[in-house]
Amino acid sequence: MKFICKIATLFCLAVLLASCNVAKEQPTQTANTPAIVPTLAEITEATVPPSPQSPENAAQSDQIQSNPVPMTPITLVLENGLTWTECALPDRHFAYVTPDMEEISNCLNMTFPSLDETDKNRFGERLADEGGADDFRLFIGSDTFETRHTNVDGFTYNYELLKNGTVIAQTDALYEVFPPNQSLANIAGKPVWEIIAPPAVIIVDGVNFNEKYQLDGSFFPYEIKGKLLYIAQTNEKYHIVYDDKTVGPEFDELSMAYCCADMSVSFGSGQYWFLGKREGMQFVVAIY
């Protein structure tokens, strides 16, 4: 009898232990759950610590999860009204050739951006120079903005930005393999001048943004929804600035070329595309 009781006791104990070791059911991911970005628990607009003079950074609650699926786009609507769509690409060089452009477009499931009539009217008239160091003329309301240059030593040029004939900004720039004077555009009602000094800098209504915000470089200005968007470099990292606030994650590298066939920033029709690397992965990003 005691032997039977011992067997019954052991049996009950085994059942109890087995019930304690049953794994809890894990939540499943439905087909509508968005694909995710590597090792980013949260994407915020304040990805770069603000300096006393840096653009105001506002925290953002939008989240991007981890473990991206290659060639699968993710879309995130930001609090500032922008939409951020990105897709993980193979880690290789991309150029402006049809196969590469198709691969990038297919990854995002979007059409490559191009300048529409609004964009074309936004940019100033290019005044060609025989030496290649072109200037621009731009009209905003009753005001006329122009760039002018003088050759300093054969390779160095001094550039000036004038408003109604009065100089409001100036910088020296090197002419290497492409014209340093990149663009002059009416963005959000202000003249925005991009010049490769180096470093590249955007000058907004006469204000040098590298100096104002303590940046190592500022690149490729564009207007989306009536506000200025551009790329900023700080401490060898790159981030997007929109309406004076940092948006999205930092990137270790961005594909930014001013000549030749290398893939660069592309914008038009209210979209802004770029290729960037972060945490060892390459992404194409479309902002609109």
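Notes on the structure in this doc start here. (Residues numbered from 1 in each chain as written. Predicted model: local features only at pLDDT ≥ 70, side-chain atom pairs only at ≥ 80, totals over all residues. Heavy atoms only, no water.)

Attention now moves to the environment of glutamate 253. With respect to the helices and strands, glutamate 253 occurs in strand 16 (residues 253–254). Judged by relative accessible area, glutamate 253 falls into the partly exposed class, the value being 46%. Spatially, the C-alpha atoms of glutamate 253 and arginine 278 are 7.1 Å apart, while their sequence positions differ by 25 residues. Setting aside its immediate chain neighbours within four residues, glutamate 253 contacts Tyr238, Leu275, Gly276 and Lys277. (Helix = DSSP H or I, 4+ residues; strand = E, 2+ residues; numbered from the N terminus. Buried < 20%, exposed > 50% of the residue type's maximum accessible area, 1.4 Å probe, protein only. Contact = heavy atoms within 4.5 Å.)

Right, let's get into the sheet that holds strand 7 (residues 166–174). Pairing is antiparallel across the open sheet formed by 5 strands, whose spatial order is 3-4-5-6-7. In this open sheet, the two strands that pair with only one neighbour each are strand 3 (125–127) and strand 7. Pairs of neighbouring strands in the sheet enclose a mean axial angle of 20°, with direction left out of account. The pairing of strand 5 (residues 143–151) with strand 6 (residues 156–163) spans 7 bridges and is classified as antiparallel. From the neighbouring strand, histidine 149 faces strand 6, where its bridge partner is tyrosine 159. (Pairing = 2+ DSSP bridges. Axes fitted to C-alpha atoms, helices over the stretch in contact; angles between N-to-C directions.)

Judged by nonpolar contacts, the single largest core of 28 residues is most densely connected at Ile240, Tyr272, Phe274 and Ile287. Listing elements by their share of this core, those giving two or more residues are strand 2 (83–89), strand 12 (217–224), strand 13 (227–234), strand 14 (237–242), strand 15 (245–251), strand 18 (271–278) and strand 19 (281–287). Here this core takes 4 residues from strand 12, the largest share from any one element. Ranked by size, the runner-up nonpolar core spans 15 residues in total, among them Ile140, Tyr159, Leu161 and Ala173. (Core = buried A, V, L, I, M, F, W, Y, C linked by side-chain atoms within 4.5 Å.)

Once that is clear, we can look at the pairing of strand 5. Pairing of strand 4 (residues 135–140) with strand 5 involves 4 bridges; the strand directions are antiparallel. By the bridge assignment for strand 5, isoleucine 140 is matched with aspartate 143. Between strand 4 and strand 5, which pair antiparallel in sequence order, lie 2 residues; one of them, glycine 141, sits at a positive phi of approximately 60°. Hairpin connection from strand 5 to strand 6: 4 residues lie between these consecutive antiparallel strands, with glycine 154 at a positive phi of about 100°.

So, about the pairing of strand 19. Counting buried positions along strand 19 gives 6 out of 7 residues, so the element sits mostly inside the fold. Here strand 2 pairs with strand 19 via 6 bridges, running antiparallel. Bridging across to strand 19, tryptophan 84 finds its partner in isoleucine 287. Of the pairings in the sheet, the one linking strand 18 to strand 19 comprises 7 bridges and is antiparallel in character. In the sheet register, leucine 275 faces strand 19, and the bridge partner there is valine 284. In sequence, strand 18 turns back onto strand 19 through a hairpin of 2 residues, with glutamate 279 there showing a positive phi of about 50°.

Time to look at the side chain of glutamate 223. Examined against the element boundaries, glutamate 223 turns out to sit in strand 12. Note on glutamate 223: relative accessible area 16%, which makes it buried. At 2.7 Å, the side chain of glutamate 223 forms a polar contact with the backbone nitrogen of alanine 188. What glutamate 223 contacts, discounting residues up to four positions off in sequence, is Arg122, Asn186, Ile187 and Ala188. (Polar contact = N/O pair within 3.5 Å; in protein donor to acceptor, adjacent residues only side chain to side chain.)

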